[in-house]
Amino acid sequence: MSDPLSSSTAAIGPDGQRLFVPVRIAVLTVSDTRTELDDKSGITLIERLTGAGHILAARAIVLDDVEAIQKQVRAWIDDETIDVVLATGGTGVTGRDVTPEAFEGLYEKSIPGFGELFRMLSYQKIGTSTIQSRCTAGVTRGTYLFALPGSPGACRDAWDGILKDQLDYRHKPCNFVELFPRLREHERRGGGR
């Protein structure tokens, strides 16, 4: 696990205010049909995260298959240079939609509020259709994992309405970045997996 704060001794400015800390993010598109050229949702996430000052650490497209998804996500969890995985696609209710099952099978801790908040924000735009989204989030071995729906609009909503703030060390009263140093403390006490 990397810790964006450990290499940033200057996370607090001379005036005592928190400074921006870039996070290293991998983007995974789950699709049987997309390529890097027509992956509008992946491109949307990349534009959003780099526009905010974060680092695109990796990008991949995998098939709607639990084993393929988990293989890629595990590789990124094992990669010390990746802090966050953002996946897009495969969160619906059809037979091919298996991203939530793949992700939930990897979580040490789930973050149920992410899906709840996403659906609340989405409801304001698409009404009850948001009920078909099974977006999910969790953390594993110090890496945050987020599974978003496969539409560019949903990716914009998740980034603009939740992730932009929660992946910004300056956001108060709290954010995911400030927790990086503590995400694996259970392992130091011998209670790890």
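Q: Before we move on, can you summarise the environment of P100 with the specific residues and values?
A: Relative to the helices and strands, P100 resides in helix 3 (residues 99-104). Judged by relative accessible area, P100 falls into the buried class, the value being 1%. Linking P100 and A147, residues 47 residues apart in sequence, is a C-alpha distance of 6.8 Å. Ignoring anything within four residues of it in the chain, the contact list for P100 reads G90, T91, R134 and T136.

Q: Outline the side chain of Q70, listing residues and values.
A: Summarising the element assignment, Q70 is placed in helix 2 (residues 66-78). In this structure the side chain of Q70 is engaged in a polar contact, spanning 2.8 Å, whose partner is the backbone oxygen of A102. For Q70, the contacting residues outside a window of four places in its chain are E101, A102, G105 and L106.

Q: Residues and numbers for the pairing of strand 2 (residues 55-62), please.
A: Both strand 1 (residues 24-30) and strand 2 contribute to a ladder of seven bridges, which runs parallel. Bridging from a neighbouring strand, V27 pairs with R59 of strand 2. Where the polypeptide runs from strand 1 across helix 1 (residues 40-51) and back to strand 2, its parallel neighbour, the crossover connection is right-handed.

Q: Describe the state of the cysteines, listing the residues and the values that go with them.
A: In this structure the tally under the stated criterion is zero disulfides. With no disulfide of its own, C135 has C155 as its nearest cysteine by sulfur position, at a separation of 10 Å. Here C135 falls in the buried class, since its relative accessible area comes to 5%. Of all cysteine sulfurs in the structure, the one in C135 sits closest to C174, which takes part in no disulfide; the separation is 19 Å.

Q: Would you mind going over the packing of helix 4 (residues 112-126) against helix 5 (residues 152-166) in detail, with residue names and values included?
A: Close contact between helix 4 and helix 5 brings their axes to 10 Å; oriented N to C, the two are set at 120 degrees. Seen along the crossing, helix 4 lies across helix 5 with a hand that is right-handed. Between helix 4, through F114, L117, F118, L121 and K125, and helix 5, the contact on the second element is made entirely by A154, D157, A158, G161, I162 and L163. The residue makeup of the contact of helix 4 with helix 5, split by class, is eight nonpolar, one polar and two charged.

Q: Describe in detail the layout of surface pockets, supporting the description with residues and values.
A: By volume, the largest pocket amounts to about 280 Å³. Considering the residues around the largest pocket, the lining is formed by 19 residues, among which I126, S133, P149, S151 and A154 are closest to the centre. For the lining of the largest pocket, the elements supplying multiple residues, two or more each, are helix 4 and helix 5. Examining the composition of the lining of the largest pocket, we find that four residues originate from one element, helix 4, more than from any other. Classifying every residue of the lining of the largest pocket by side-chain character gives five nonpolar, eleven polar and three charged. Of the pockets and cavities examined, the second largest pocket occupies roughly 180 Å³.

Q: For the sheet that holds strand 3 (residues 84-88), give the residues involved together with the corresponding values.
A: Sheets are built from strands paired through backbone hydrogen bonds, the pairs being either parallel or antiparallel. On the basis of which strands lie adjacent, the open sheet formed by six strands has the order 2-1-3-6-5-4 and mixed pairing. Both outer strands of the open sheet, strand 2 and strand 4 (109-110), are each paired with one neighbouring strand and no more. Pairing of strand 4 with strand 5 (residues 136-140) involves two bridges; the strand directions are antiparallel. Residue pairing for strand 5: K109 is matched across the bridge by V139. Of the strands in this sheet, strand 4, strand 5 and strand 6 (143-148) touch helix 4, which is tilted by about 35 degrees from strand 6. Helix 5 contacts strand 1, strand 3 and strand 6 of the sheet and is inclined by roughly 140 degrees relative to strand 6.

So, how was this worked out
Residues numbered from 1 in each chain as written. Predicted model: local features only at pLDDT ≥ 70, side-chain atom pairs only at ≥ 80, totals over all residues. Heavy atoms only, no water. Helix = DSSP H or I, 4+ residues; strand = E, 2+ residues; numbered from the N terminus. Buried < 20%, exposed > 50% of the residue type's maximum accessible area, 1.4 Å probe, protein only. Contact = heavy atoms within 4.5 Å. Polar contact = N/O pair within 3.5 Å; in protein donor to acceptor, adjacent residues only side chain to side chain. Pairing = 2+ DSSP bridges. Right-handed = clockwise from strand over helix to strand, strands pointing away. Disulfide = S-S within 2.5 Å. Axes fitted to C-alpha atoms, helices over the stretch in contact; angles between N-to-C directions. Left-handed = near helix turned anticlockwise from the far one by under 90°. Nonpolar A, V, L, I, M, F, W, Y, C, P; charged D, E, K, R; others polar. 1 Å grid on protein atoms, 1.4 Å probe; cavity = no way out; pocket = protein on both sides within 12 Å on 5 of 7 lines; lining within 4 Å. Points joined across faces, edges and corners; volume = space filled by probe spheres on them.

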